[in-house]
Amino acid sequence: MNDISERTFPRTVHIADDEFKIGYMTARDEASVTAFAHALPPHDLLFMRRDITAPKVMAAWLQGIENGTLTTLLTTKGGSVYGCAAIIRDELSWSPHVGEMRIVVSRALRGKGIGRVLTQECFAIALGLGIEKLIAYMTVDQRNAIAMFEDLGFQAEAMLREHVKDRDGAKHDVVMLSHDVNKFLARMEAFGLSEAT
């Protein structure tokens, strides 16, 4: 049995008949991540729960990476970012065993499998960090993302009414999905998907 928590980065993955790199985000990626963020439709930024196009948010993001409370994976090709996944945890809270996962993928490559690969990688990282439960938030109209998460075994746990406000001031309901990390990894192993990418 292969342990998917032992994957190394950076590494090459094959997605939609193309080759991409997956690796940890560092301060050197600031410009390419900022360009990726600015290319996203404004509504997609709600996946990240903070406006990642804002310099102060990017600075806090990089600080979180540096102090170990935030782990970020990037899917890249030719110096451009096509997908981003972050795991946020607070070891000083009453929920040190819970991590929040945030994923966003370039619109041009939606439905090609990048989001699924990033989600699988996040589970492997979560296991290595000792996280037992992953949660994800998204607005209720992001149906394709919700369907992907549910297909991976996430379940709706809460509905937060008018919980986020977009740049235009419109309020959106948010669904919180959750998943047990060990159950996910056991399922991956059972289906021989521990080397899934």
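Reference entry: report on the structure contained in this document.

Basis of the calculations
Residues numbered from 1 in each chain as written. Predicted model: local features only at pLDDT ≥ 70, side-chain atom pairs only at ≥ 80, totals over all residues. Heavy atoms only, no water. Core = buried A, V, L, I, M, F, W, Y, C linked by side-chain atoms within 4.5 Å. Buried < 20%, exposed > 50% of the residue type's maximum accessible area, 1.4 Å probe, protein only. Helix = DSSP H or I, 4+ residues; strand = E, 2+ residues; numbered from the N terminus. Contact = heavy atoms within 4.5 Å. 1 Å grid on protein atoms, 1.4 Å probe; cavity = no way out; pocket = protein on both sides within 12 Å on 5 of 7 lines; lining within 4 Å. Points joined across faces, edges and corners; volume = space filled by probe spheres on them. Phe/Tyr/Trp six-rings, centres within 6.5 Å; stacked < 30°, edge-to-face > 60°. Salt bridge = Lys/Arg side-chain N within 4 Å of Asp/Glu carboxyl O.

### Notes on the nonpolar core
Here is a general trend for soluble globular proteins: nonpolar side chains tend to be buried in one another's company.
Next, step 1: In this structure, Trp61, Met101, Leu134, Met138, Phe149 and Phe154 are the most contacted members of the largest nonpolar core, which totals 52 residues.
Next, step 2: If one sorts the elements of this core by residue count, helix H3 (residues 114-129) sits on top with 7 residues.
Next, step 3: Sequence-distant contacts of Met101, that is, excluding residues within four places in its chain, are made with Ala86, Thr119, Cys122, Phe123, Leu134, Ile135, Ala136, Phe149 and Phe154.
Next, step 4: Among the nonpolar cores identified, the runner-up in size contains 7 residues, and Leu46, Val98, Tyr137 and Met176 belong to it.

### Some remarks on the layout of surface pockets
Any space left empty among the atoms is revealed by the rolling of a water-sized probe across them.
Next, step 1: In this structure, the largest pocket occupies an estimated 470 Å³ of space.
Next, step 2: Taken together, 19 residues line the largest pocket, and the ones lying closest to its centre are Arg110, Gly111, Asn144, Ala145 and Met148.
Next, step 3: Residue assignment for the lining of the largest pocket shows that the elements contributing at least two residues are strand S5 (98-105), H3 and helix H4 (143-151).
Next, step 4: For the lining of the largest pocket, the leading source of residues is H4, giving 5 residues.

### Some remarks on the packing of aromatic side chains
Next, step 1: A full pass over the atoms with the stated rule returns 4 aromatic pairs.
Next, step 2: Where Phe123 meets Phe154, the ring centres are 5.7 Å apart and the plane angle is 70°; that geometry is what we call edge-to-face. Remark: Phe154 occurs in the loop between H4 and strand S7 (155-165) and Phe123 occurs in helix H3; sequence separation between them is 31 residues. Grouping residues by exposure puts Phe123 and Phe154 together as buried.
Next, step 3: Ring geometry for Phe149 against Phe154: centres 4.9 Å apart, planes inclined by 80°, an arrangement best described as edge-to-face.
Next, step 4: The exposure class of Phe154 is buried, given its relative accessible area of 2%.
Next, step 5: Put simply, the rings of Phe123, Phe149 and Phe154 touch in pairs and so form one group of aromatic residues.

### Quick look at the pattern of salt bridges
Next, step 1: Tallied over the entire structure, the rule returns 10 salt bridges.
Next, step 2: Across the salt bridge formed by Asp51 and Arg167, the nearest N and O atoms sit 3.1 Å from each other. Of this pair, Asp51 sits in the loop between helix H1 (30-39) and helix H2 (55-67) while Arg167 sits in the loop between S7 and strand S8 (171-180), and the two are 116 residues apart along the sequence.
Next, step 3: One salt-bridge network, in which partners are shared between bridges, spans Arg49, Glu100 and Arg102.

### Here's the deal with unusual backbone geometry
Next, step 1: With an omega dihedral of 0°, the bond running from Phe9 to Pro10 counts as a cis peptide bond.
Next, step 2: When you line up the elements, Pro10 lands in the segment before strand S1 (11-15).
Next, step 3: With phi around 50°, Ala16 is a residue other than glycine that occupies positive phi space.
Next, step 4: Here Ala16 lies in the loop between S1 and strand S2 (18-24).

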